[in-house]
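Spelled out, the chains give:
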Amino acid sequence: MRIAIDIFPLQTQSRYRGIGAHIKGILRGLYELNTKHEFILICSKNNIPLELLREKPENFAVEYVDFSFGGYFDIMYNWLIKRKFAEKIISKTNPDVYFDSSFAEMWCPPLNPKSRVVTWIYDLIFFKFPEYHAKNLKQKIKHLLWHKKLTNALKNYIITSSNFVKRELLTDYDLDDKKVFVVPLGVDKKFFEVNSDKAIENDIKQKYILYVGGIDPRKNLIRAIKAYSLALKEADLPKLLILGKINKDDENFLRLMREIKNNKLSDKIVFHGFVPDDQLPAMYANAQFLLFPSLYEGFGLPVVEAMAAGCPVLAANRSAIPEVAGDCALMVDPYDVEEIASAILKLAGDEQLRIKLVECGRKRARQFSWAKTAEKFVDTLEKVVKNG
């Protein structure tokens, strides 16, 4: 079987988010998989993920398309140009399956009647929270394109990362259950191997409460900051460290800074910025616990990463998070600031509870690996080709 894989998200801003972690993880899982299938990785000549491509085994080839990604205003350009070049590559390579790794990035329609198209839909965030994604004219235009992309993507075979997203798709859209597959994400082995006693130093020498992820509104950091401020009135807590790529001119960042200033927390909350993959396990291992209050996740990769690294987890009881965390996290209603504050105090003040969650979390995290993800991914594509 010949499989074409679109890895364009590794060349856009998505490489700093969960989508990038997923594509890197599944590729490394595929690299280690003993299979005779042929893989064709499709990417632009700009921002080439050289380290990842250098690792590829002999049954992987790379096809480069010669175009640059447009900016925020050029989403239609990206969409149309990608289609043009993808048509050429698919005509040239004639794959049995074309894997569209992110429908929201730059959706590509079926281009060859002989090639099945499989699209990974991570979540329905754009449609569940339109108030965050369609606030002005350019966002509304982009939102309309997302609707069009989703409509077209749903004509294909679909992979999701959780049963939660699959249920949403089947509930909200008229889909054939047999064309929607669940392939859970994995966690890299390096998260299990980190030793907190030997972990790298960072600019906060003592323990800290950790958040990992984006700062868009559905990540719920405003309520997290309010809850942290409330908890600080009852106890002297570690600093709150926020990890993730930020733009200091971004509306969401400015909104968070106003909240921090209003609560007089400038000396207690630290924006650490983006952390390279090789340093992330140690950041988890050095934390007192992970605070992950997100309103909506299609999977919630930081939850399983933290568990693997021996970091207790305090997380929201919504969306796919309970499915991923099982009984190994302290769960809260993410809309209830007082409940989040109470949970912060409980986890910060109860060492035995933290030890219990670490032990449970490590066992839970071992259920997820990129090798398992890759194996199930290939099995899914084999079913798609067989069933035609």
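Residues numbered from 1 in each chain as written. Predicted model: local features only at pLDDT ≥ 70, side-chain atom pairs only at ≥ 80, totals over all residues. Heavy atoms only, no water.

## Section: the state of the cysteines
Item 1. The final tally for this structure, using the stated rule, is 1 disulfide.
Item 2. The side chain of C328 participates in a disulfide bridge whose partner is C360; the two sulfur atoms lie 1.9 Å from each other. In this structure the cystine formed by C328 and C360 twists about its S-S bond by roughly -55°; its chirality is therefore left-handed. Remark: C360 occurs in helix 16 (residues 351–365) and C328 occurs in the loop between helix 14 (321–325) and strand 13 (330–332); sequence separation between them is 32 residues. (Disulfide = S-S within 2.5 Å. Helix = DSSP H or I, 4+ residues; strand = E, 2+ residues; numbered from the N terminus.)

## So, the sheet that holds strand 12 (residues 313–316)
Item 1. Strand order in the open sheet formed by 6 strands is 10-9-8-11-12-13, with parallel pairing between adjacent strands. A single partner strand is all that each edge strand has here, and the edge strands are strand 10 (269–273) and strand 13. Put simply, the sheet's adjacent strands are angled 25° from each other on average, direction ignored.
Item 2. As paired elements, strand 12 and strand 13 share 3 bridges and run parallel to each other. Paired with A316 across the strands is V332, a residue of strand 13. (Pairing = 2+ DSSP bridges. Axes fitted to C-alpha atoms, helices over the stretch in contact; angles between N-to-C directions.)

## Describing the packing of helix 10 (residues 221–232) against helix 15 (residues 337–349)
Item 1. Packing of helix 10 against helix 15 leaves a shortest axis separation of 8 Å and a crossing angle of 55°. Regarding the angle of helix 10 to helix 15, the classification is oblique. In the packing of helix 10 onto helix 15, the handedness of the crossing is right-handed. Residue-level contacts link R223, K226, A227, Y228, L230 and A231 of helix 10 to V337, E338, I340, A341, I344 and L345 of helix 15. (Parallel < 35°, antiparallel > 145°, perpendicular 65-115°, else oblique. Left-handed = near helix turned anticlockwise from the far one by under 90°. Contact = heavy atoms within 4.5 Å.)

## Here's the deal with the environment of G298
Item 1. Note that G298 resides in the loop between strand 11 (287–292) and helix 13 (301–308).
Item 2. Its relative accessible area of 4% is what places G298 among the buried residues.
Item 3. The spacing of G298 and S319 is 21 residues in sequence and 6.9 Å in space, taken between C-alpha atoms.
Item 4. Excluding residues that lie within four positions of it along the chain, G298 makes contacts with Y122, D123, S161, S162, V165 and A320. (Buried < 20%, exposed > 50% of the residue type's maximum accessible area, 1.4 Å probe, protein only.)

## What about unusual backbone geometry?
Item 1. One non-glycine residue, N220, lies in the positive phi region at around 70°.
Item 2. Relative to the elements of secondary structure, N220 occurs in the loop between strand 8 (208–212) and helix 10.

## Quick word on the nonpolar core
Item 1. Of all hydrophobic cores here, the largest spans 101 residues; its most connected members are I5, L27, Y284, I344 and F377.
Item 2. Top contributing element to this core by residue count: helix 10, with 7 residues.
Item 3. Apart from residues no more than four positions distant in its own chain, Y284 is found in contact with F191, L210, V212, L290, P302, E305, A306, A309 and C311.
Item 4. Core analysis: the second largest hydrophobic core is formed by 18 residues, I125, L154, L169 and Y296 among them. (Core = buried A, V, L, I, M, F, W, Y, C linked by side-chain atoms within 4.5 Å.)

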